[in-house]
Amino acid sequence: MPRIILLFLDGVGLGADDPQRNPLAAAAIPTLQGRLGGERPLADTPRIETADALFIPTDAGLGQPGLPQSATGQAAILTGRNIPAEVGGHWGPKPNAAVASLLRAGSIFHDLRGAGRATALLSGYPQPYFDSIASGRRNYSAIPLAATAAGVALADEADIRAGRALGADFTNAFWHSELGADVPVYEPREAGRRLAQAAAGYDFALFEHWITDYVGHRGTLSDGITVMERFDQVLAGVLDVWDLARDLVIVTSDHGNLEDLGHRHHTLNPVPTLLIGAGREAFTGLTDLTGLAPGIRRLLL
């Protein structure tokens, strides 16, 4: 049975080959391109199978009108259900009552913990986040809601200091510079190695990188290039450590955004799903976001 690490990139779609609008057309991303047989993850990039990887353009629209949104897209990933269809359309960024009810009722976190599989969310959260949740000033987004509903504890500053989790930017630089936290700061490739080492103690570990969506809404092309080049190096670090002969890396997203910085909205573009390592054949039938959870279940349950 493989171990699985899922690297979730919020708001990254497959856009045009336009380096003036699309960071994925302009950034230096040799790790990603190496797994795509030299191709970039763009709108016209087909399904690709290489020696140790499978790349699948993935439908995020799920047959529903309107622009895909974070809450319903992430819920579809986590449950394997067409959540937008069940709740009457796309919804986000945070879950509404209907989406929250479905996530509390069951997700891949519930399934795996119920089967005795060791499961973790490796994204760390600062104390003000926990305080705002406790006070009711903030609601959980879909991923931490699903995790906590299944009894998975959220990582905090102590976990980041101990190397059991990382900040959302992977390197912890934001925690150090903006939050004044006494946490280690890593170069991106070393951050990837640390993330893989933290994930090695679990059957399934997920890391949520929401900064890609934030840049898509508010950042510049230069910001987008920076965030994708940093991720590429993080992925290289994960692959330095992860045993691809036995274990699996999954990279995916919930909707498009970052790939078209000509506007500040989500897109209708498919999203990239990249599977690297052992067990990727369990996802060969994947066409949309509902195919991820079933593939994980096939491997781990």
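Caption draft 1: Structural detail: the side chain of threonine 252. Locating threonine 252 in the fold gives a position in strand β6 (residues 248-252). Take threonine 252: its relative accessible area is 1%, and that puts it in the buried class. Other than its neighbours up to four places away in sequence, threonine 252 contacts Leu6, Leu7, Phe8, Leu9, Ile77, Pro272, Thr273 and Leu292.

Caption draft 2: Spotlight on unusual backbone geometry. Note the cis peptide between glycine 92 and proline 93, where omega equals 10°. Summarising the element assignment, proline 93 is placed in the loop between α4 (83-87) and α5 (97-105). With a phi close to 55°, leucine 62 is a non-glycine residue in the positive phi region. Residue position: leucine 62 is located in the loop between β3 (53-58) and α3 (70-79). For leucine 62, a relative accessible area of 5% gives the class buried.

Caption draft 3: Main features of the nonpolar core. Of all hydrophobic cores here, the largest spans 45 residues; its most connected members are Phe109, Phe204, Leu206, Ile250, Phe283 and Ile296. In this view, leucine 206 contacts Leu6, Phe8, Leu78, Phe109, Ala120, Leu121, Leu122, Ser123 and Ile143; residues no more than four positions away in its chain are not counted. Among the nonpolar cores identified, the runner-up in size contains 43 residues, and Leu7, Leu9, Leu24 and Ile48 belong to it.

Caption draft 4: Focus on the pattern of salt bridges. On inspection of all chains with the given rule, the structure shows 12 salt bridges. Measuring nitrogen to oxygen at the nearest pair gives 2.6 Å for the salt bridge that ties arginine 3 to aspartate 247. Of the two residues, arginine 3 is situated in the segment before β1 (4-9) and aspartate 247 in the loop between α13 (221-241) and β6; the sequence distance between them amounts to 244 residues. Judged by relative accessible area, arginine 3 falls into the buried class, the value being 16%. Aspartate 247 gets classed as buried once you look at its relative accessible area, which sits at 0%. One salt bridge in this structure joins arginine 297 and aspartate 111, with 2.6 Å as the shortest N-O distance. A residue pair is termed long-range when its members are at least 10 positions apart, and arginine 297 in helix α14 (residues 292-300) and aspartate 111 in helix α6 (residues 108-114) qualify at 186 residues.

Parameters and conventions
- The residue numbering used here restarts from 1 in each chain and proceeds along that chain's sequence as written.
- Confidence filtering applies because this is a predicted model: local features only for residues at pLDDT of at least 70, side-chain atom pairs given and counted only at 80 or more, and all residues used for totals across whole chains, interfaces and linings.
- Hydrogens and water are ignored here; the side-chain numbers use all heavy atoms of the structure.
- In DSSP terms, a helix is any run of H or I states spanning at least four residues, a strand is any run of E spanning at least two, and both are numbered starting from the N terminus.
- Each residue is placed in one exposure class: buried if its accessible area under a 1.4 Å probe, protein chains only, is under 20% of its type's maximum, exposed if it is over 50%, and partly exposed if it falls in between.
- Residue contacts follow a heavy-atom distance rule, with two residues in contact if any of their heavy atoms lie within 4.5 Å.
- We call a set of buried residues a nonpolar core when its members are Ala, Val, Leu, Ile, Met, Phe, Trp, Tyr or Cys and they connect through side-chain atoms within 4.5 Å of each other.
- A carboxyl oxygen of Asp or Glu within 4 Å of a side-chain nitrogen of Lys or Arg is what we treat as a salt bridge.

Everything listed is a geometric property; what it means functionally is a separate question.
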